[in-house]
Amino acid sequence: MSAFDPKRTSPSGIVALLVGRMRRWSSCPLSGQCCCPMQRPKAKSWAGCYPVRGQAECAIFGYEENMLNETTIATFKSSLRGELIKQSDTRYDTARKVYNGMIDRRPLLIANCADVADVITAVKFGRDHKLVVSIRGGGHNAAGLSVCDDGLVIDLGRINYVHTDPKNRTVLAGGGALWGDVDHAAHAFGLAVPAGIISTTGVGGLTLGGGIGHLTRQCGLTVDNLLSVDMVLADGRFVTASAKENPDLFWAVRGGGGNFGVVTAFLFKAHPIHTSYAGPMLWSLEDAAEILRWYRDFIGKAPNALNGFFAFLTVPPGAPFPTHLHNKKMCGVVWCYTGPLKNAERVFAPIRKFKAPALDLVGPIPHPALQSLFDPIFPPGLQWYWKADFVRDLSDEAISLHVKHGALLPTMQSTMHLYPIDGKASMIKKTATPWCYRDAKWAAVMVGVDPDPANKEKISNWAKDYWTALHPYSAGGAYINFMMEEGDERIRATYGKNYDRLAKVKKRYDPTNFFHVNQNIKPAK
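As the structure is a computational prediction, the values presented were derived from the model and not from experiment.

Visitor: Sorry, what's going on with the overall build of the protein here?
Guide: For the protein, the helix and strand inventory stands at 15 helices and 20 strands. Looking at the protein as a whole, 57% of its 525 residues are labelled buried. For the protein, long-range pairs separated by at least 24 residues make up 72% of all intrachain contacts whose partners lie at least 6 apart in sequence. Summing over all exposed atoms, the protein offers an accessible surface of approximately 22000 Å²; the carbon and sulfur share of this is 53%.

In structure tokens, the structure reads:
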């Protein structure tokens, strides 16, 4: 025990030094004397006062026979085909980073799984040693829930294969694949799978939360195009879920997030989409109210082959944007038309006739290029703060508030988007998947974004103020992939009447809530 000095080492530091599983028996604030009870049956323990966040904390730790030690971890490491990263490894700080630079968590171990066998081994290891476990696909989760403190991260990044079947128009993607991988593999065969708008987003996280993007009106949500998944459950079992196999589980993963297991493979239906007529149109901020009212009325009547999301934005200072617009706050619509290219000019004629845009970059573009169009503006590591809501109606009063807060964009990369979720997405029954807002017209998101951590409060406060002003005009819940950690009530509001069914599925497949580092659905009682 001489390696551990409780007077100099915090509880989290002891965990790192011992590389063990600790069980805190009691704690108290600094009172001048240590008040820890030393008598605990059936446990080896020690006590001391530890400085924690400006206070001292008295604590007793018990460690059990199944504690983690160097031998245990070495055995775990040798059982993996992939890599096991510890806090002392040189790659640790890089491996623990996620897309949102605002997240700074320190897991005890990171298992970079090479295959399904590694995932099974990691799940069993985390369960047997009572570790907090998080699942990382692409690491894009808004709240950073793919990484945890003092626990085990099951990283799927090496399971990133993609296989396209052009005959059956399907795409099989590994649990660690990114959407750019899928776009590239499918495009060679003239196919596309509905996804988001950033190609570095992970397939797993976006899919399990629902999946909205450029093809929502044309093809539905990503989960509406999911045919089956392979999963590792909390007890280590490997299962397939589809309409025929484990249909209750298949229903739950189509929007219920990572609550039910580790998805190691996704099989999607693909669509014959190769080159779209797409891109942004920008108008002066002074025209925002007029554009929003027109957009509200236009998009709901537009053919399903046409998608377009509204945005408040600041023009990036670089190509392809003209110099006179650099750093100017504007409003715009990012269009995506997937119908015959010969009809595109006719479809866009009334749009251009309504009000000539200050910038029109809409034209033929290969689908992978459209999907990666905004990647340079939003590289990994920026500070992100998200607020979101579903919206059924966009009243004139709501539009006035949008214009007011949209004009106050705090930084160049901060933005507000209104994603249409009607068209094909609205043709699915509310109970067909956990996504119950099929009658909503838009998914609204306000994101404060900036590279400088010093601006964290600035971008967060703007997003919160914007959301607070517009929330009374919302449908109540929000797109789960656009949410920070906002509590049980918010999660229930997001799933509505489907929540209780999700809780029952959770109880069947994860009764101990082993997978809880997520937008958590607790097992039914």
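Visitor: Just to check I follow, could you spell out the sheet that holds strand β10 (residues 226-232) for this structure?
Guide: The strands making up a sheet are joined through hydrogen bonds of the backbone, oriented either antiparallel or parallel. Overall, antiparallel pairing links the 5 strands, which are arranged β8-β9-β12-β10-β11 in an open sheet. Each having just a single partner strand, β8 (162-165) and β11 (238-242) make up the two edges of the open sheet. The average undirected angle you get between the axes of adjacent strands in this sheet is 15°. Bridge count between β10 and β11: 5 bridges; the pairing is antiparallel. From the neighbouring strand, Met231 faces β11, where its bridge partner is Val239. Helix α5 (residues 179-187) contacts β8, β9 (170-174) and β12 (262-269) of the sheet and is inclined by roughly 35° relative to β8.

Visitor: Looking at this structure, I do not really get the environment of Lys430. What am I missing?
Guide: Counting through the fold element by element, Lys430 comes out in the loop between β19 (415-420) and β20 (442-450). Considering only alpha carbons, one finds Lys430 and Asn498, 68 residues apart in sequence, at a separation of 8.5 Å. Leaving out residues up to four positions away in the same chain, Lys430 has contacts with Trp435, Cys436, Arg438, Asp439 and Asn498. Within the local environment of Lys430, its side chain forms a polar contact with the side chain of Asp439, the two groups lying 3.4 Å apart.

Visitor: Looking at this structure, I do not really get the packing of helix α12 (residues 396-406) against helix α13 (residues 456-470). What am I missing?
Guide: Describing two packed helices takes the angle between their axes plus the distance from one axis to the other. Direction vectors running N to C along α12 and α13 enclose 170°, while the axes themselves pass 10 Å from each other. With respect to α13, the axis of α12 lies roughly antiparallel. Seen from α12, the contacting residues are Ala398, Leu401, His402, His405 and Gly406; seen from α13, they are Trp462, Asp465, Tyr466, Ala469 and Leu470. Partitioned by chemical class, the residues of the contact of α12 with α13 number 6 nonpolar, 3 polar and 1 charged.

Visitor: Help me out: how do you make sense of the side chain of Lys506 in this one?
Guide: Inspection of the secondary structure puts Lys506 in helix α15 (residues 499-509). Residue classification places Lys506 among the buried positions, given a relative accessible area of 0%. Within polar-contact distance, the side chain of Lys506 engages the side chain of Asn513 at 3.1 Å.

Visitor: So what exactly am I meant to see when it comes to the environment of Pro420 here?
Guide: Tracing the backbone through its elements, the reader meets Pro420 in strand β19. A C-alpha to C-alpha distance of 5.7 Å links Pro420 and Lys441, two positions 21 residues apart in sequence. For Pro420, the contacting residues outside a window of four places in its chain are Thr216, Arg217, Tyr295, Ile299, Asn307, Gly308, Phe309, Lys441 and Trp442.

Visitor: Explanation requested: the sheet that holds strand β6 (residues 133-136) in the structure shown.
Guide: Spatially, β4-β5-β7-β6 is the arrangement adopted by the 4 strands of the open sheet, whose pairing is mixed. In this open sheet, the two edge strands, each paired with only one partner strand, are β4 (83-86) and β6. For this sheet, the mean angle separating the axes of adjacent strands, direction not counted, is 20°. Where β6 lies against strand β7 (residues 152-155), 4 bridges are found, and the strand directions are parallel. Across the sheet, residue Ile135 finds its bridge partner in β7, namely Ile154. Of the strands in this sheet, β4, β5 (109-112) and β7 touch helix α2 (residues 70-78), which is tilted by about 150° from β4. Contacts between helix α4 (residues 116-128) and the sheet are confined to β5, β6 and β7, with β7 contributing the most and set at about 165° to the helix.

Visitor: How should unusual backbone geometry be read in this particular structure?
Guide: Backbone phi values are negative for most residues with the exception of glycine, while trans is the configuration of most peptide bonds. Residue Pro320 follows Ala319 across a cis peptide bond; omega there is 5°. Tracing the backbone through its elements, the reader meets Pro320 in the loop between β14 (306-314) and β15 (329-337). A positive phi angle is found at Asp150, which is not glycine, with a value near 55°. In this fold, Asp150 is placed in the loop between β6 and β7.

Conventions adopted
- Residues numbered from 1 in each chain as written.
- Predicted model: local features only at pLDDT ≥ 70, side-chain atom pairs only at ≥ 80, totals over all residues.
- Heavy atoms only, no water.
- Helix = DSSP H or I, 4+ residues; strand = E, 2+ residues; numbered from the N terminus.
- Buried < 20%, exposed > 50% of the residue type's maximum accessible area, 1.4 Å probe, protein only.
- Contact = heavy atoms within 4.5 Å.
- Areas by Shrake-Rupley, 256 points an atom, 1.4 Å probe, with all protein chains shown as cover.
- Pairing = 2+ DSSP bridges.
- Axes fitted to C-alpha atoms, helices over the stretch in contact; angles between N-to-C directions.
- Polar contact = N/O pair within 3.5 Å; in protein donor to acceptor, adjacent residues only side chain to side chain.
- Parallel < 35°, antiparallel > 145°, perpendicular 65-115°, else oblique.
- Nonpolar A, V, L, I, M, F, W, Y, C, P; charged D, E, K, R; others polar.

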